[in-house]
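Each chain, letter by letter, is given below.
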Amino acid sequence: MSELSERPEKSVVGVSMPHESAALHVTGAALYTDDLIHRTKDVLHAYPVQAMKAHGRITALRTERALAVPGVVRVLTVADVPGVNDAGMKHDEPLFPDTVMFYGHAVAWVLGETLEAARLGAAAVEVELDELPSVVTLQDAIEAGSFHGARPVMLTGDAEAGFADSAHVFTGEFQFSDQEHFYLETHAALALVDEAEQVFVQSSTQHPSETQEIVAHVLGLHSHEVTVQCLRMGGGFGGKEMQPHGFAAIAALGAKLTGRPVRVRLNRTQDLTMSGKRHGFHAQWKIGFDADGHIQALDATLTADGGWSLDLSEPVVARALCHIDNTYWIPHARVAGRIAKTNKASNTAFRGFGGPQGMLVIEDIMGRCAPLLGLDPMELRERNFYRQGQSTPYGQPVTQPERISAVWQQVKEKGGLADRKREIAAFNAAHPHAKRAVAITGVKFGISFNLTAFNQGGALVLIYKDGSVLINHGGTEMGQGLHTKMLQVAATTLGIPLHKVRLAPTRTDKVPNTSATAASSGADLNGAAVKNACQQLRERLLEVAATQLGSSAADVRIVEGVARTLGSDKELAWDELVRTAYFQRVQLSAAGFYRTEGLHWDAKSFSGTPFKYFAIGAAAAEVEVDGFTGAYRIRRVDIVHDVGDSLSPMIDIGQVEGGFVQGAGWLTLEDLRWDTGDGPNRGRLLTQAASTYKLPSFSEMPEEFNVTLLENATEEGAVYGSKAVGEPPLMLAFSVREALRQAAAAFGPSGVSVELASPATPEAVYWAVEAARQDEGSRTGVAPAAHNGSATSGLAANGKIRTDAKTLSGA
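Since this is a predicted model, take the numbers as computed values, not measurements.

Caption draft 1: Spotlight on the overall build of the protein. Helices and strands together make up the secondary structure of the protein, namely 20 helices and 30 strands. What you see for the protein is a C-alpha radius of gyration of 28 Å, in line with the 28 Å of a compact globule of 811 residues. By its C-alpha atoms, the protein is 90 × 80 × 50 Å across when sized along the principal axes. Long-range contacts, defined here as pairs at least 24 residues apart, represent 81% of the contacts in the protein between residues at least 6 apart. For the protein, the exposed surface amounts to about 29,400 Å²; the carbon and sulfur share of it is 52%. Of the charged side chains in the protein, 73 are positive and 92 negative, and the gap between their average positions amounts to 2 Å.

What follows is the structure, given as structure tokens:
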């Protein structure tokens, strides 16, 4: 086992413990960025001037009336920018635009003594537009040929030959929804300038180093003149990876121009209308199976709704292509990706980062094709699992394929699926107006940033003379428990009790050039960097201890805060050891660093080894559907998930549970709507609050929820044998959607292929049930009961599955 993976005796890692700030969270004592205004003197408040058109060239911007509003101090416009007027890394996001690109686009910002003064000032700014045609829907963009960014193509084998050898060929389309992050804390920043003209920005950001970079180039400064700190975030989910930069830049620009602290904090409606979402996708596909149901070939085109600018759309699409295989071997494939340019807020990172979209396509295909192949969906999935020696379509060998089957079998056994399927069949036979189903789906998710350069982490660890330890690392805490794990890693590596270690807020002047806390890599990168720094310190202290104990450093162990020599009862307490080291002038601080080895990616050929390893999981979900309304409930969920040797089991189980529920929200509840008419509000987001945007709550939680972490699952080459946990569990929620599909199909004859919209809202499930009943009616000659509305309203997003002439089973 590598040194990075090996755990010492009496480790603090692997011990279940609560989140390090749990008590602060539940008592309200935890400080967030916007809380700091109450501790800051003379703060000005910034408020956006939003243009309420989807697309138009600004012909006039008049600020005079705003400046006459009592309490208004200044209006920020493009004329005030001393550096680069851009808030994006692709240089396609003007901070102050000359063309409005989406409904609610901020074109100026008003600074006021109070938030109300700033709001009234913003309302007084006059904006005139020369309105331009707008592209609002993904379908409109495809028809108009409105695209931007790279168009990658992933190739493996010979797709045409694979289709020629296939006994069954199916084609279809599938369009599925985007998703709002809806973090508890909206975007916030607080900036001030000190007497040396240094800019200090407190920001709710997952990527402090990039926020620092954007603020610097907007202000025309160098990075060493800007410091960014992130105390903690009230949720991020990817929505604070790129999008905080512009808000931080507005605060910093205001502070630089006025000499006073400036606060930016979006209210919920502003956050919903001004910030991006998970990318909605459209997929057009063709798949071939042999006579036994093994995938032979796949040809697909995935189109992401990028919004008005590129943001992170290119790597999102790349990851979607890299995950369209999920747990299945596809010997021949051609998969193309492209980004639609629409007049909507720029879509961005969201937990899974394109992986869920790619995986949803193949899981939808499997669920739709299984009945046409005469196979149980569970059996079709099992038949196509990766085996030893097989590689992904982009050329990376799939290591540990046996874990795909292992978690699957454990879910089946722990969940008693065989007995429950018989019980469900009996229930369905006895209940004509309610049906149940249980479905199981798996997850294989690659861990690392697709961009190799981002796979590095840093840390700074300080030991003080009294033996207390302070750690700084480049990761940010958004509630996911990263800081808790870092404390455990440091205590374990140094061999001291956890109470000896404290963690400082993430700051760019402590650890520079950090990567975003994203791609599920926070613990891997920062944990290895913290471990590296602590190892340096431990090696120095072992030399000091060896001198004091009269032995070789190789024979000294530090365990639970005491240094001991092997085979001797001599010992030296940690505090005394540190004090001795200080007087011997031994350095008691160390900078740690880690870079993920073994990664390679060629974006042009779309091939390589972009991931350090794969996180594996499986989930079984049982649902019950009401045939009258399409309403449903999740009766039971069983999950087995692979997190390697967990650094902090309680934290990891919480992440699995939370990720699953968020995934279920995306797939079944969260239905974003825009005004697509030709009226004055074209492009307006209609679901602007929790009153119209349905989020998962206690009532949507599974009635029985069983989560198990895979045992004896050490990951060689990762910090203390652990695996990432942040993103992969979200995709376990595919099991809920597939169970709903199967329950809807149970209202019709056996072998019916059900198309299901995503999100699978009760309305969508109702139309799926009606479609199954129509199939029953067409086979029996009995027409289904009449209903209001059109079945296409729930199924239009899915298109129709078509069957090749060579296929024997019907459509």
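Picking up after the structure, the text goes on.
Caption draft 2: Representation of the sheet that holds strand 28 (residues 632-641) in the model. Strands sit in the order 16-27-28-29 across an open sheet of 4 strands; the sheet is mixed. Since the sheet does not close on itself, it has two edges, and those belong to strand 16 (434-447) and strand 29 (704-709), each with one partner. Taken over all neighbouring pairs, the strand axes of this sheet differ in orientation by 15° on average, direction set aside. In terms of strand pairing, strand 28 meets strand 29 through 6 bridges, oriented parallel.

Caption draft 3: Inspection of empty space enclosed by the protein at higher detail. Enumeration over the complete set of coordinates arrives at 4 cavities of 30 Å³ or more. In terms of lining residues, the largest cavity is bounded by 23 residues, among which Ala87, Glu93, Phe247, Met274 and Trp308 are the most central. Elements supplying a minimum of two residues to the lining of the largest cavity: strand 5 (105-112) and helix 7 (244-258). For the lining of the largest cavity, the element with the highest residue contribution is helix 7, accounting for 4 residues.

Caption draft 4: Just helix 14 (residues 482-494), in detail. The terminal C-alpha atoms of helix 14, which comprises 13 residues, lie 18 Å apart, in line with the 18 Å expected from a rise of 1.5 Å per residue. Residue Gly495 follows helix 14 closely and has a positive phi angle near 80°.

Caption draft 5: The arrangement of the nonpolar core in detail. By size, the foremost hydrophobic cluster in this structure holds 110 residues, and its most contacted members are Ile287, Phe289, Leu302, Val335, Ile639, Phe660 and Leu740. Sorting elements by how many residues they give to this core places strand 27 (residues 613-626) first, with 10 residues. Leave out the neighbours within four places in its chain, and Val335 touches Pro152, Val153, Met154, Leu298, Ala300, Leu302, Leu321 and Ile324. Membership of the second largest hydrophobic core comes to 53 residues, among which are Val13, Leu482, Leu503 and Leu542.

Caption draft 6: How the structure looks around the sheet that holds strand 1 (residues 44-51). What the 8 strands build is an open sheet, ordered 3-5-1-12-9-10-11-20; its pairing is mixed. Edge positions in the open sheet fall to strand 3 (72-76) and strand 20 (506-507), since each of these has one partner strand only. Across the sheet, helix 6 (residues 208-219) touches strand 10 (199-203), strand 11 (226-230) and strand 20, and the angle it forms with strand 11 is around 145°.

Caption draft 7: A look at the packing of aromatic side chains. Taken as a whole and assessed by the stated rule, the structure comprises 17 aromatic pairs. Note on Tyr394 and Phe611: the rings are 6.0 Å apart at their centroids and 80° apart in plane angle, and the pair reads as edge-to-face. Of the two residues, Tyr394 sits in the loop between helix 11 (377-383) and helix 12 (402-414) while Phe611 sits in the loop between strand 26 (607-609) and strand 27, which places them 217 residues apart along the sequence. The buried category is assigned to Phe611, whose relative accessible area is 1%. Arranged with centres 5.5 Å apart and planes meeting at 50°, the rings of Phe660 and Phe705 form a pair that is tilted. You can see Phe660 sitting in helix 17 (residues 649-668) and its partner Phe705 sitting in strand 29, a full 45 residues away along the chain.

Rules of the game
- Residues numbered from 1 in each chain as written.
- Predicted model: local features only at pLDDT ≥ 70, side-chain atom pairs only at ≥ 80, totals over all residues.
- Heavy atoms only, no water.
- Helix = DSSP H or I, 4+ residues; strand = E, 2+ residues; numbered from the N terminus.
- Rg over C-alpha atoms; globule rule 2.2 N^0.38 Å.
- Contact = heavy atoms within 4.5 Å.
- Areas by Shrake-Rupley, 256 points an atom, 1.4 Å probe, with all protein chains shown as cover.
- Lys, Arg positive; Asp, Glu negative; His and termini not counted.
- Charge placed at Lys NZ, Arg CZ, Asp CG, Glu CD.
- Pairing = 2+ DSSP bridges.
- Axes fitted to C-alpha atoms, helices over the stretch in contact; angles between N-to-C directions.
- 1 Å grid on protein atoms, 1.4 Å probe; cavity = no way out; pocket = protein on both sides within 12 Å on 5 of 7 lines; lining within 4 Å.
- Points joined across faces, edges and corners; volume = space filled by probe spheres on them.
- Expected span 1.5 Å × (residues − 1).
- Core = buried A, V, L, I, M, F, W, Y, C linked by side-chain atoms within 4.5 Å.
- Buried < 20%, exposed > 50% of the residue type's maximum accessible area, 1.4 Å probe, protein only.
- Phe/Tyr/Trp six-rings, centres within 6.5 Å; stacked < 30°, edge-to-face > 60°.

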